[in-house]
Amino acid sequence: MKRNSPQVVDMSKLEILTYPEKFLFHPVEPVENIDGGVQEMIDKMAATMYAAPGVGLAAIQVGWGKSLLVYDIAPQRDERSLHVLINPRIVVAEGEIISENEGCLSVPDFRSDVKRAAAVTVEAADREGKPLRIDAEGMLAIVLQHEIDHLQGTLFIDRLSSLKRELYKRRMKKKLRMK
Ligand code: NI
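1. Remarks on the overall build of the protein chain
Next, step 1: Within the protein chain, the secondary structure is distributed over three helices and seven strands.
Next, step 2: A globule of 179 residues ought to have a C-alpha radius of gyration of about 16 Å, and the protein chain, at 16 Å, matches this closely.
Next, step 3: Over its C-alpha atoms, taken along the principal directions, the protein chain stretches across nearly 50 × 40 × 35 Å.
Next, step 4: The proportion of buried residues among the 179 residues of the protein chain is 44%.

Here's what the structure looks like:
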């Protein structure tokens, strides 16, 4: 679908929700109509991701419960390559790798190794509504799995052993009490 709003580069940033915000744990709804509101959200999400800085951001992380994510695994200023996935889903997942030191903008001050599929195939629509199929491995496969997890209401800490997860939760509770 074509853009139906004038192209305005909106550099305003959005607030990123962080654990233990409950909204992060609810699965999102599909995007039904790629309208001007969606385009505006994409621009704001991109600005928010680059400013963070992050390599990926899902709409749910900025409080919008729709199936939409942006990513750029080459975030150097001169080589920006923004990708937008609307209603993405993993159709093939193969093998296993350890994603080293994974982190998340919604899970502050914590990183951990996470077990991930080594290769995935993702189907989605781009921001014009054109169907996409991405065969990914390595860093891209990890980012796609991490961001698509967000859309199901799953954080990377949900993929850790319960011991590690509890340690993080206890640490966060303590921190919040001290505020
Ligand atoms: Ni994340």
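2. Some details on the coordination of the nickel ion
Next, step 1: For the nickel ion, every protein donor is listed as Cys104 (SG), His146 (NE2) and His150 (NE2), and the spread of their distances is 2.0 to 2.2 Å.
Next, step 2: For the nickel ion, the donor residues sit on a single chain with the sequence spacing C-x41-H-x3-H. On the criterion of sequence distance, the pair formed by cysteine 104 in strand E4 (residues 97-104) and histidine 146 in helix H2 (residues 138-151) is long-range, its members being 42 residues apart. The exposure classification of cysteine 104 matches that of histidine 146, with both residues buried.

3. Here we look at the packing of aromatic side chains
Next, step 1: Scanning all chains against the criterion turns up four aromatic pairs.
Next, step 2: Aromatic side chains phenylalanine 110 and tyrosine 168 sit 4.6 Å apart centroid to centroid with 40° between the ring planes, which places their arrangement in the tilted category. In this pair, phenylalanine 110 sits in strand E5 (residues 107-116) while tyrosine 168 sits in helix H3 (residues 162-178), placing the two residues 58 residues apart along the sequence.
Next, step 3: By relative accessible area, which is 15% here, phenylalanine 110 ends up buried.
Next, step 4: Tyrosine 168 sits in the buried class, given a relative accessible area of 1%.
Next, step 5: Ring pairs connect the aromatic residues Tyr19, Phe25, Phe110, Phe156 and Tyr168, which therefore count as one cluster.
Next, step 6: The ring centre of tyrosine 50 lies 3.8 Å from the NZ or CZ of arginine 80, which sits over that ring.

Rules of the game
- Residues numbered from 1 in each chain as written.
- Predicted model: local features only at pLDDT ≥ 70, side-chain atom pairs only at ≥ 80, totals over all residues.
- Heavy atoms only, no water.
- Helix = DSSP H or I, 4+ residues; strand = E, 2+ residues; numbered from the N terminus.
- Rg over C-alpha atoms; globule rule 2.2 N^0.38 Å.
- Buried < 20%, exposed > 50% of the residue type's maximum accessible area, 1.4 Å probe, protein only.
- Donors = N, O, S within 2.8 Å, 3.2 Å for Na, K, Ca; no water.
- Phe/Tyr/Trp six-rings, centres within 6.5 Å; stacked < 30°, edge-to-face > 60°.
- Lys NZ or Arg CZ within 6 Å of the ring centre and 35° of its normal.

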